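Structural overview for review
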Amino acid sequence: MGMNQTPAAERVHIGFFGKRNAGKSSVMNKVTGQDLAVVSDVKGTTTDPVYKSMELLPLGPVVMMDTPGIDDEGELGSLRVKKSYQVLNKTDAAVLVIDGKAGISREDQALLERIRKKNIPSILVLNKRDTLTQEEVCQTISGLPEGYQEGKDFLWVSAREGTGIHELKERLAVLASTEENQKKIVGDLLSPGDFVVLVVPIDKAAPKGRLILPQQQTIRDILDADAVSVVIKEDRIQETLESLGKKPRLVITDSQVFGRVSRDTPKEILLTSFSILFARYKGNLETVVEGARVLKKLKDGDKILISEGCTHHRQCGDIGTEKLPAWIRKYTGKDLKFSFTSGTEFPDELGEYSLIVHCGGCMLNEREMKYRLSCAGDQGVPMTNYGIIIAYMNGILERSLEPFS
(Lines give C-alpha, C1' and ligand atoms only; values in the text may rest on other atoms or scores of the structure.)
Protein backbone atom coordinates (compact mmCIF):
# COMPACT_ATOMS: atom_id res chain seq x y z
CA MET A 1 0.00 0.00 0.00
CA GLY A 2 1.39 3.43 -0.89
CA MET A 3 2.07 5.73 1.99
CA ASN A 4 -0.90 7.97 1.20
CA GLN A 5 -3.26 5.03 1.22
CA THR A 6 -2.36 3.31 4.49
CA PRO A 7 -5.33 4.19 6.73
CA ALA A 8 -4.31 6.15 9.85
CA ALA A 9 -5.86 3.44 12.01
CA GLU A 10 -3.34 0.89 10.68
CA ARG A 11 -0.23 3.08 11.07
CA VAL A 12 2.15 2.98 14.03
CA HIS A 13 1.35 6.00 16.25
CA ILE A 14 4.35 7.73 17.84
CA GLY A 15 3.58 10.37 20.49
CA PHE A 16 5.96 13.13 21.61
CA PHE A 17 5.34 14.33 25.18
CA GLY A 18 7.05 16.64 27.65
CA LYS A 19 6.93 19.96 29.44
CA ARG A 20 6.61 23.28 27.66
CA ASN A 21 9.94 24.35 26.24
CA ALA A 22 11.61 20.96 26.68
CA GLY A 23 11.87 21.03 22.88
CA LYS A 24 9.35 18.34 21.95
CA SER A 25 8.33 20.06 18.72
CA SER A 26 11.96 20.71 17.72
CA VAL A 27 12.95 17.09 18.39
CA MET A 28 9.94 15.80 16.46
CA ASN A 29 10.71 18.11 13.52
CA LYS A 30 14.30 16.86 13.47
CA VAL A 31 13.14 13.21 13.51
CA THR A 32 10.72 13.79 10.65
CA GLY A 33 13.08 16.04 8.72
CA GLN A 34 10.30 18.56 8.15
CA ASP A 35 8.82 21.46 10.09
CA LEU A 36 5.46 20.10 11.17
CA ALA A 37 5.06 21.41 14.66
CA VAL A 38 5.23 25.07 15.63
CA VAL A 39 8.52 25.98 17.31
CA SER A 40 9.18 29.19 19.23
CA ASP A 41 10.75 30.45 22.45
CA VAL A 42 7.34 31.21 23.89
CA LYS A 43 6.36 28.60 26.45
CA GLY A 44 3.47 26.40 25.37
CA THR A 45 3.27 27.15 21.65
CA THR A 46 1.66 23.80 20.88
CA THR A 47 -1.91 24.25 22.12
CA ASP A 48 -3.55 21.23 20.49
CA PRO A 49 -2.16 17.86 19.51
CA VAL A 50 -0.63 17.97 15.99
CA TYR A 51 -0.97 14.79 13.87
CA LYS A 52 1.13 14.07 10.81
CA SER A 53 1.03 10.89 8.70
CA MET A 54 4.35 10.11 7.07
CA GLU A 55 6.86 7.46 6.13
CA LEU A 56 9.62 7.07 8.74
CA LEU A 57 12.47 4.84 7.70
CA PRO A 58 13.36 2.19 8.70
CA LEU A 59 9.92 1.87 10.26
CA GLY A 60 7.40 2.51 7.46
CA PRO A 61 4.08 4.38 7.65
CA VAL A 62 3.59 6.20 10.97
CA VAL A 63 1.50 8.94 12.53
CA MET A 64 3.58 11.46 14.49
CA MET A 65 1.73 13.19 17.33
CA ASP A 66 3.00 16.36 18.99
CA THR A 67 1.23 17.32 22.22
CA PRO A 68 0.72 20.37 24.46
CA GLY A 69 3.09 20.74 27.45
CA ILE A 70 2.25 18.55 30.43
CA ASP A 71 2.98 21.47 32.79
CA ASP A 72 0.62 23.99 31.16
CA GLU A 73 -0.99 26.35 33.68
CA GLY A 74 -4.37 27.85 34.34
CA GLU A 75 -7.77 26.48 33.41
CA LEU A 76 -7.05 26.35 29.67
CA GLY A 77 -3.70 24.79 30.45
CA SER A 78 -5.16 21.93 32.45
CA LEU A 79 -7.52 21.21 29.58
CA ARG A 80 -4.48 20.98 27.27
CA VAL A 81 -2.66 18.69 29.70
CA LYS A 82 -5.71 16.44 29.68
CA LYS A 83 -5.56 16.39 25.86
CA SER A 84 -1.92 15.31 26.01
CA TYR A 85 -2.82 12.50 28.39
CA GLN A 86 -5.62 11.42 26.05
CA VAL A 87 -3.14 11.16 23.15
CA LEU A 88 -1.41 8.43 25.20
CA ASN A 89 -4.43 6.20 24.59
CA LYS A 90 -3.63 5.93 20.91
CA THR A 91 0.15 5.83 21.26
CA ASP A 92 2.09 2.74 20.15
CA ALA A 93 5.47 4.23 21.14
CA ALA A 94 6.03 7.25 23.40
CA VAL A 95 8.89 9.76 23.35
CA LEU A 96 9.21 11.80 26.54
CA VAL A 97 11.37 14.86 25.83
CA ILE A 98 13.12 16.49 28.79
CA ASP A 99 15.24 19.63 28.96
CA GLY A 100 18.64 18.09 29.76
CA LYS A 101 19.62 21.03 31.95
CA ALA A 102 16.43 21.08 34.04
CA GLY A 103 16.42 17.29 34.51
CA ILE A 104 13.43 15.09 35.23
CA SER A 105 10.51 16.82 36.98
CA ARG A 106 7.45 15.77 38.96
CA GLU A 107 5.24 16.08 35.86
CA ASP A 108 7.68 13.98 33.81
CA GLN A 109 7.69 11.28 36.48
CA ALA A 110 3.88 11.24 36.66
CA LEU A 111 3.72 10.83 32.86
CA LEU A 112 6.35 8.06 32.90
CA GLU A 113 4.28 6.27 35.52
CA ARG A 114 1.18 6.51 33.33
CA ILE A 115 3.13 5.28 30.27
CA ARG A 116 4.37 2.28 32.27
CA LYS A 117 0.88 1.47 33.57
CA LYS A 118 -0.40 1.39 30.00
CA ASN A 119 2.51 -0.83 28.89
CA ILE A 120 3.49 1.59 26.12
CA PRO A 121 7.04 1.13 24.84
CA SER A 122 8.86 4.42 25.49
CA ILE A 123 12.15 6.28 25.35
CA LEU A 124 13.31 9.24 27.45
CA VAL A 125 15.02 11.90 25.31
CA LEU A 126 17.31 14.37 27.10
CA ASN A 127 17.45 17.43 24.84
CA LYS A 128 19.82 20.43 24.66
CA ARG A 129 23.00 18.31 25.08
CA ASP A 130 24.94 21.06 23.28
CA THR A 131 24.39 23.50 26.20
CA LEU A 132 25.56 21.22 29.03
CA THR A 133 28.87 20.68 30.78
CA GLN A 134 29.98 17.12 31.61
CA GLU A 135 29.17 17.81 35.27
CA GLU A 136 25.60 18.83 34.40
CA VAL A 137 25.21 15.72 32.25
CA CYS A 138 26.18 13.51 35.21
CA GLN A 139 23.83 15.43 37.50
CA THR A 140 20.86 14.93 35.12
CA ILE A 141 21.59 11.21 34.72
CA SER A 142 21.73 10.74 38.48
CA GLY A 143 18.14 12.07 38.71
CA LEU A 144 16.75 9.46 36.29
CA PRO A 145 14.78 6.42 37.51
CA GLU A 146 16.95 3.61 38.85
CA GLY A 147 18.35 1.15 36.32
CA TYR A 148 17.87 3.42 33.29
CA GLN A 149 20.44 2.55 30.61
CA GLU A 150 21.70 4.96 27.98
CA GLY A 151 20.77 3.86 24.46
CA LYS A 152 17.96 1.64 25.72
CA ASP A 153 15.89 3.69 28.17
CA PHE A 154 17.23 7.18 27.49
CA LEU A 155 19.18 9.08 24.84
CA TRP A 156 20.96 12.43 24.70
CA VAL A 157 20.13 14.63 21.71
CA SER A 158 20.52 18.19 20.56
CA ALA A 159 17.58 19.27 18.42
CA ARG A 160 19.50 22.44 17.55
CA GLU A 161 22.59 20.60 16.24
CA GLY A 162 20.85 17.40 15.17
CA THR A 163 23.09 15.14 17.26
CA GLY A 164 21.57 11.89 18.56
CA ILE A 165 18.59 12.13 16.18
CA HIS A 166 19.74 9.21 14.01
CA GLU A 167 20.04 7.03 17.15
CA LEU A 168 16.57 8.13 18.22
CA LYS A 169 15.07 7.03 14.88
CA GLU A 170 16.78 3.64 15.16
CA ARG A 171 15.49 3.23 18.72
CA LEU A 172 11.93 4.19 17.66
CA ALA A 173 12.05 1.56 14.90
CA VAL A 174 12.88 -1.09 17.52
CA LEU A 175 10.24 0.16 19.98
CA ALA A 176 7.47 0.34 17.42
CA SER A 177 8.26 -2.64 15.23
CA THR A 178 5.00 -4.40 15.85
CA GLU A 179 4.75 -7.73 14.09
CA GLU A 180 2.91 -7.65 10.79
CA ASN A 181 -0.77 -7.94 11.65
CA GLN A 182 -1.72 -11.56 10.98
CA LYS A 183 -5.39 -11.08 11.77
CA LYS A 184 -7.89 -11.14 8.95
CA ILE A 185 -11.18 -9.27 8.73
CA VAL A 186 -12.90 -12.12 6.89
CA GLY A 187 -10.21 -13.93 4.86
CA ASP A 188 -9.75 -16.74 7.37
CA LEU A 189 -13.39 -17.79 6.84
CA LEU A 190 -13.00 -18.11 3.05
CA SER A 191 -11.54 -20.51 0.48
CA PRO A 192 -10.27 -19.43 -2.95
CA GLY A 193 -13.19 -18.97 -5.38
CA ASP A 194 -15.82 -18.44 -2.65
CA PHE A 195 -18.49 -15.84 -3.40
CA VAL A 196 -19.13 -13.16 -0.74
CA VAL A 197 -22.12 -10.85 -1.12
CA LEU A 198 -21.66 -7.40 0.45
CA VAL A 199 -24.80 -5.36 1.08
CA VAL A 200 -24.04 -1.63 1.06
CA PRO A 201 -26.98 0.78 1.36
CA ILE A 202 -26.37 4.07 -0.42
CA ASP A 203 -28.09 6.73 1.66
CA LYS A 204 -27.27 10.27 2.64
CA ALA A 205 -24.73 9.06 5.19
CA ALA A 206 -22.72 7.26 2.49
CA PRO A 207 -19.93 9.52 1.24
CA LYS A 208 -20.45 10.65 -2.35
CA GLY A 209 -18.55 8.65 -4.93
CA ARG A 210 -16.87 6.22 -2.55
CA LEU A 211 -17.30 3.46 0.01
CA ILE A 212 -16.57 3.89 3.70
CA LEU A 213 -13.36 2.49 5.13
CA PRO A 214 -14.66 -0.83 6.62
CA GLN A 215 -16.25 -1.68 3.28
CA GLN A 216 -13.02 -0.97 1.38
CA GLN A 217 -10.93 -2.96 3.85
CA THR A 218 -13.31 -5.92 3.73
CA ILE A 219 -13.26 -6.01 -0.09
CA ARG A 220 -9.47 -5.87 -0.03
CA ASP A 221 -9.35 -8.77 2.45
CA ILE A 222 -11.72 -10.86 0.26
CA LEU A 223 -9.43 -10.22 -2.75
CA ASP A 224 -6.38 -11.24 -0.70
CA ALA A 225 -8.14 -14.54 0.06
CA ASP A 226 -8.64 -15.13 -3.71
CA ALA A 227 -12.40 -15.03 -3.19
CA VAL A 228 -14.98 -13.07 -5.18
CA SER A 229 -16.88 -10.10 -3.78
CA VAL A 230 -20.28 -9.10 -5.17
CA VAL A 231 -21.33 -5.65 -3.92
CA ILE A 232 -25.05 -4.81 -4.02
CA LYS A 233 -27.67 -2.49 -2.54
CA GLU A 234 -30.19 -3.91 -0.07
CA ASP A 235 -33.04 -4.23 -2.59
CA ARG A 236 -31.11 -6.63 -4.84
CA ILE A 237 -30.55 -9.59 -2.55
CA GLN A 238 -33.08 -12.10 -3.82
CA GLU A 239 -32.36 -11.59 -7.52
CA THR A 240 -28.57 -11.64 -6.88
CA LEU A 241 -28.73 -14.90 -4.91
CA GLU A 242 -30.81 -16.45 -7.72
CA SER A 243 -28.53 -15.27 -10.53
CA LEU A 244 -25.23 -16.22 -8.85
CA GLY A 245 -25.70 -19.86 -9.75
CA LYS A 246 -23.93 -21.02 -6.59
CA LYS A 247 -24.47 -20.50 -2.89
CA PRO A 248 -22.34 -17.66 -1.50
CA ARG A 249 -20.05 -18.57 1.40
CA LEU A 250 -21.23 -15.50 3.31
CA VAL A 251 -23.44 -12.42 3.13
CA ILE A 252 -22.08 -9.34 4.91
CA THR A 253 -24.45 -6.43 5.48
CA ASP A 254 -24.36 -2.90 6.78
CA SER A 255 -26.07 -2.95 10.20
CA GLN A 256 -28.67 -0.36 9.28
CA VAL A 257 -30.44 -2.77 6.91
CA PHE A 258 -29.77 -5.91 8.96
CA GLY A 259 -33.44 -6.75 9.53
CA ARG A 260 -34.39 -6.59 5.87
CA VAL A 261 -31.29 -8.48 4.69
CA SER A 262 -31.91 -11.21 7.26
CA ARG A 263 -35.44 -11.70 5.93
CA ASP A 264 -34.22 -11.85 2.32
CA THR A 265 -31.29 -14.23 2.96
CA PRO A 266 -32.25 -17.92 3.25
CA LYS A 267 -31.40 -19.45 6.65
CA GLU A 268 -28.87 -21.89 5.17
CA ILE A 269 -26.66 -18.99 3.99
CA LEU A 270 -24.33 -17.56 6.63
CA LEU A 271 -25.00 -13.88 7.39
CA THR A 272 -23.07 -11.33 9.43
CA SER A 273 -22.37 -7.58 9.45
CA PHE A 274 -19.42 -5.26 8.96
CA SER A 275 -19.63 -4.18 12.64
CA ILE A 276 -19.44 -7.75 13.86
CA LEU A 277 -16.50 -8.53 11.57
CA PHE A 278 -14.65 -5.48 12.86
CA ALA A 279 -15.41 -6.23 16.50
CA ARG A 280 -13.85 -9.64 15.93
CA TYR A 281 -10.92 -8.10 14.00
CA LYS A 282 -10.23 -5.69 16.87
CA GLY A 283 -10.45 -8.51 19.39
CA ASN A 284 -13.46 -7.38 21.41
CA LEU A 285 -16.39 -9.42 20.06
CA GLU A 286 -17.12 -11.20 23.34
CA THR A 287 -17.23 -7.98 25.38
CA VAL A 288 -19.57 -6.17 23.00
CA VAL A 289 -21.93 -9.16 22.72
CA GLU A 290 -22.20 -9.25 26.54
CA GLY A 291 -22.83 -5.47 26.49
CA ALA A 292 -25.80 -5.83 24.13
CA ARG A 293 -27.49 -8.33 26.45
CA VAL A 294 -27.65 -5.59 29.14
CA LEU A 295 -30.57 -3.99 27.24
CA LYS A 296 -32.90 -6.46 28.93
CA LYS A 297 -31.93 -5.13 32.38
CA LEU A 298 -32.28 -1.38 31.82
CA LYS A 299 -34.63 0.65 34.06
CA ASP A 300 -36.44 3.98 33.72
CA GLY A 301 -34.03 6.91 34.13
CA ASP A 302 -30.90 4.92 33.19
CA LYS A 303 -28.32 6.88 31.19
CA ILE A 304 -26.83 5.62 27.94
CA LEU A 305 -23.76 7.08 26.25
CA ILE A 306 -23.67 6.84 22.45
CA SER A 307 -20.13 7.41 21.25
CA GLU A 308 -18.87 7.67 17.73
CA GLY A 309 -15.30 7.54 16.38
CA CYS A 310 -15.77 9.76 13.33
CA THR A 311 -15.64 13.54 13.55
CA HIS A 312 -16.42 16.33 11.08
CA HIS A 313 -19.04 15.09 8.61
CA ARG A 314 -20.44 12.60 11.12
CA GLN A 315 -20.73 9.60 8.85
CA CYS A 316 -22.86 7.74 11.34
CA GLY A 317 -24.44 10.99 12.60
CA ASP A 318 -28.13 10.32 12.18
CA ILE A 319 -27.85 6.65 13.13
CA GLY A 320 -26.07 7.55 16.39
CA THR A 321 -28.10 10.56 17.43
CA GLU A 322 -31.56 9.72 16.05
CA LYS A 323 -32.19 6.14 14.94
CA LEU A 324 -30.42 4.28 17.77
CA PRO A 325 -32.06 6.15 20.68
CA ALA A 326 -35.47 5.62 19.06
CA TRP A 327 -34.85 1.89 18.48
CA ILE A 328 -33.50 1.40 22.03
CA ARG A 329 -36.46 3.23 23.61
CA LYS A 330 -38.89 1.16 21.55
CA TYR A 331 -37.12 -2.14 22.30
CA THR A 332 -36.82 -1.59 26.07
CA GLY A 333 -40.04 0.35 26.57
CA LYS A 334 -38.13 2.37 29.19
CA ASP A 335 -37.67 6.10 29.69
CA LEU A 336 -33.92 6.39 29.11
CA LYS A 337 -31.56 9.39 28.98
CA PHE A 338 -29.00 9.63 26.14
CA SER A 339 -25.66 11.48 25.89
CA PHE A 340 -23.55 11.72 22.72
CA THR A 341 -19.85 12.13 22.00
CA SER A 342 -17.95 11.97 18.72
CA GLY A 343 -14.38 11.80 17.47
CA THR A 344 -11.60 11.80 20.04
CA GLU A 345 -13.85 13.05 22.87
CA PHE A 346 -14.55 10.22 25.25
CA PRO A 347 -15.39 10.99 28.90
CA ASP A 348 -12.92 10.02 31.62
CA GLU A 349 -15.76 9.47 34.10
CA LEU A 350 -18.21 6.82 32.93
CA GLY A 351 -19.79 5.81 36.24
CA GLU A 352 -23.13 7.53 35.58
CA TYR A 353 -23.86 5.35 32.52
CA SER A 354 -25.64 1.99 32.53
CA LEU A 355 -24.45 1.22 29.01
CA ILE A 356 -22.10 2.62 26.36
CA VAL A 357 -22.96 2.05 22.70
CA HIS A 358 -19.94 2.74 20.47
CA CYS A 359 -19.72 2.85 16.69
CA GLY A 360 -17.67 0.15 14.96
CA GLY A 361 -14.57 2.28 15.53
CA CYS A 362 -13.21 2.08 11.98
CA MET A 363 -11.58 5.51 12.36
CA LEU A 364 -9.88 4.66 15.67
CA ASN A 365 -6.78 2.54 15.93
CA GLU A 366 -6.93 -0.68 17.90
CA ARG A 367 -5.16 0.81 20.92
CA GLU A 368 -7.72 3.62 21.24
CA MET A 369 -10.63 1.17 20.91
CA LYS A 370 -9.09 -1.19 23.50
CA TYR A 371 -8.46 1.80 25.75
CA ARG A 372 -12.10 2.81 25.61
CA LEU A 373 -13.21 -0.74 26.35
CA SER A 374 -10.81 -1.03 29.27
CA CYS A 375 -11.91 2.36 30.66
CA ALA A 376 -15.47 1.10 30.62
CA GLY A 377 -14.41 -2.27 32.07
CA ASP A 378 -12.41 -0.61 34.89
CA GLN A 379 -15.46 1.41 35.86
CA GLY A 380 -17.82 -1.56 35.57
CA VAL A 381 -19.82 -0.09 32.67
CA PRO A 382 -20.93 -2.52 29.92
CA MET A 383 -20.08 -1.47 26.36
CA THR A 384 -21.38 -2.66 23.02
CA ASN A 385 -21.35 -1.37 19.43
CA TYR A 386 -23.89 -0.20 16.87
CA GLY A 387 -23.94 -3.33 14.73
CA ILE A 388 -24.14 -5.77 17.63
CA ILE A 389 -26.94 -3.93 19.43
CA ILE A 390 -28.95 -3.56 16.20
CA ALA A 391 -28.57 -7.29 15.48
CA TYR A 392 -29.62 -8.03 19.06
CA MET A 393 -32.74 -5.82 18.89
CA ASN A 394 -33.68 -7.43 15.56
CA GLY A 395 -33.40 -10.88 17.15
CA ILE A 396 -30.64 -11.87 14.71
CA LEU A 397 -27.52 -11.58 16.85
CA GLU A 398 -27.24 -15.34 17.30
CA ARG A 399 -27.55 -15.83 13.55
CA SER A 400 -24.90 -13.23 12.80
CA LEU A 401 -22.40 -14.93 15.14
CA GLU A 402 -22.81 -18.34 13.40
CA PRO A 403 -19.96 -17.80 10.89
CA PHE A 404 -17.50 -17.71 13.81
CA SER A 405 -18.79 -20.56 15.93
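Attention here is on the structure that accompanies the text. Not measured: the values here are computed from a predicted model.

Re the pairing of strand E4 (residues 93–99)
Buried residues dominate E4, accounting for six of its seven residues. Bridge count between strand E1 (residues 12–18) and E4: five bridges; the pairing is parallel. Residue Phe16 lies in a different strand from E4, and its bridge partner there is Val95. Taken together, the six bridges between E4 and strand E5 (residues 122–127) define a ladder with parallel strand orientation. In the sheet register, Val97 faces E5, and the bridge partner there is Val125. In this fold, E4 hands off to helix H3 (residues 106–117), which returns the chain to E5; that crossover is right-handed.

Concerning the packing of helix H6 (residues 213–224) against helix H9 (residues 274–281)
Where H6 meets H9, the axes come as close as 11 Å, and the angle between the chain directions of the two elements is 70 degrees. As summarised for this structure, H6 and H9 are arranged roughly perpendicular, according to the angle between their axes. In contact with Pro214, Gln215, Gln217 and Thr218 of H6, H9 contributes Phe274, Leu277 and Phe278. Partitioning the contact of H6 with H9 into residue classes produces four nonpolar, three polar and no charged.

Here's the deal with the packing of aromatic side chains
Applying the stated criterion across every chain yields a total of two aromatic pairs. Taking the centre distance of 5.9 Å and the plane angle of 80 degrees together, the rings of Phe278 and Tyr281 count as edge-to-face. Placement of the pair is Phe278 and Tyr281 together in helix H9, with a separation of three residues, close to one helical turn. Comparing Phe278 with Tyr281, the two get one shared label, buried. Sitting over the face of the ring of Trp156, Arg129 holds its NZ or CZ atom 5.9 Å from the ring centroid.

Focus: the sheet that holds strand E11 (residues 303–308)
Strand order in this open sheet of four strands is E12-E11-E13-E14, and the pairing throughout is parallel. In the strand order of this sheet, the two ends are held by strand E12 (337–342) and strand E14 (383–385), each with one partner. The sheet shows a mean angle of 25 degrees between the axes of neighbouring strands, direction not considered. In this structure, strand E13 (residues 355–358) lies alongside E14, joined through three bridges in parallel fashion. The residue of E14 that forms the bridge with Val357 is Thr384.

What counts as what
The residue numbering used here restarts from 1 in each chain and proceeds along that chain's sequence as written. The predicted origin of the model limits local features to residues at a pLDDT of at least 70 and limits the giving and counting of side-chain atom pairs to 80 or more, whereas totals for whole chains, interfaces and linings rest on all residues. Side-chain descriptors were evaluated using all non-hydrogen atoms of the structure, hydrogens and water having been removed beforehand. When accessible area is computed with a 1.4 Å probe and restricted to protein chains, residues below 20% of their type maximum are described as buried, those above 50% as exposed, and intermediate ones as partly exposed. Put simply, DSSP marks the helices as runs of H or I at least four residues long and the strands as runs of E at least two long, and each gets a number from the N terminus on. Here, a strand pair is defined by DSSP locating no fewer than two bridges between the strands. Orienting the strands away from the viewer, one traces the path from the first strand over the helix to the second; a clockwise path indicates a right-handed crossover. The axes are straight lines fitted to the C-alpha atoms, using for helices just the contacting stretch, and the angles between their N-to-C directions are given from 0 to 180°. Each angle receives one of four descriptions, namely roughly parallel if under 35 degrees, roughly antiparallel if over 145, roughly perpendicular if within 65 to 115, and oblique otherwise. What makes two residues a contact is simply this: any of their non-hydrogen atoms within 4.5 Å. When residues are sorted by character, Ala, Val, Leu, Ile, Met, Phe, Trp, Tyr, Cys and Pro go into the nonpolar class, Asp, Glu, Lys and Arg into the charged class, and all the rest, Gly among them, into the polar class. Two aromatic rings from Phe, Tyr or Trp, using only the six-membered ring of Trp, form a pair when their centres are within 6.5 Å; if the ring planes differ by under 30 degrees the pair is stacked, by over 60 it is edge-to-face, and anything between is tilted. Put simply, a charge is over a ring when the Lys NZ or the Arg CZ is close to the ring centre, within 6 Å, and near the line of the ring normal, within 35 degrees.

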